[in-house]
Every structure is written in C-alpha cells, then in structure tokens.
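Results of the structural survey
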Amino acid sequence: MRKSGRPALMAKMAMENVSRAFEKGETEGFMKVLVDAESRRFLGASLLGVGCDEVIHTILDLMYAKAPYTVMQRAVHIHPTVSELLPTMLANLKPLA
C-alpha cells in the first residue's frame, strides 16, 4: 500500500467483459480489488455496475473471515452471474505501482 510501504496487488475488470452485464445491456462500470501481497487478504474493492450490489458480499465475507483471496479464486460461481468473473479477475492481480 502506497502510504504504508507494504506491497499490494490490484486487479481490475471492465463490466463490458462480464457476460451477465453484456446480457442485460448494462456494460458501464468496472470491478477493482486491492489485496495485501503478503497476507493475500482483501483490503478493499471498488465496484460500479449491474449486480455489484450483490458481488460486494462475496468479498466482504472473505474480509470478515480474514481468508486469503485464493479461497475465492478456487471457487466455482454459478453462471450466469457477475460474481463468476471474480476468480478470473483475481488471476490477473498485478503489483500496485
């Protein structure tokens, strides 16, 4: 994290790449997550788009459980949903510049 100097990872996905959003004709927005590189725990997320009001609970549950993001990355989400793309997005985590 920039201020603390600790390493963090970030991934972002445009809603236009989410099949459920495309199907509903609502492709505006994005999903972005921030993860602590050492503990692998979620630090937070910015979600803007169709279905994101439901998606945030998936991330919050792992935050409250203090579980690493890899738990979600290995999960199989139902199709078609917006949250099914979270594991794909997590596979693209990059160091926060």
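See the structure printed just above.
Quick caveat: nothing in here was measured; it's all calculated off a predicted structure.

**Observations regarding the packing of aromatic side chains**
For the structure shown, the criterion picks out zero aromatic pairs. Here the guanidinium or amino end of lysine 12 rests over the ring plane of phenylalanine 30, the centre of that ring lying 4.7 Å away.

**Here's the deal with the sheet that holds strand β1 (residues 8-14)**
Within a sheet, adjacent strands bond to each other through the backbone by hydrogen bonds, running parallel or antiparallel. Spatially, β3-β2-β1-β4 is the arrangement adopted by the four strands of the open sheet, whose pairing is antiparallel. Edge positions in the sheet fall to β3 (42-48) and β4 (94-95), since each has one partner strand and no second. Here two bridges tie β1 to β4, and the two strands are oriented antiparallel to one another. Bridging across to β4, leucine 9 finds its partner in proline 95. Those strands touched by helix α2 (residues 52-65) are β2 (30-36) and β3, and its axis lies near 180° from that of β3.

Criteria and thresholds
- Residues numbered from 1 in each chain as written.
- Predicted model: local features only at pLDDT ≥ 70, side-chain atom pairs only at ≥ 80, totals over all residues.
- Heavy atoms only, no water.
- Phe/Tyr/Trp six-rings, centres within 6.5 Å; stacked < 30°, edge-to-face > 60°.
- Lys NZ or Arg CZ within 6 Å of the ring centre and 35° of its normal.
- Pairing = 2+ DSSP bridges.
- Helix = DSSP H or I, 4+ residues; strand = E, 2+ residues; numbered from the N terminus.
- Contact = heavy atoms within 4.5 Å.
- Axes fitted to C-alpha atoms, helices over the stretch in contact; angles between N-to-C directions.

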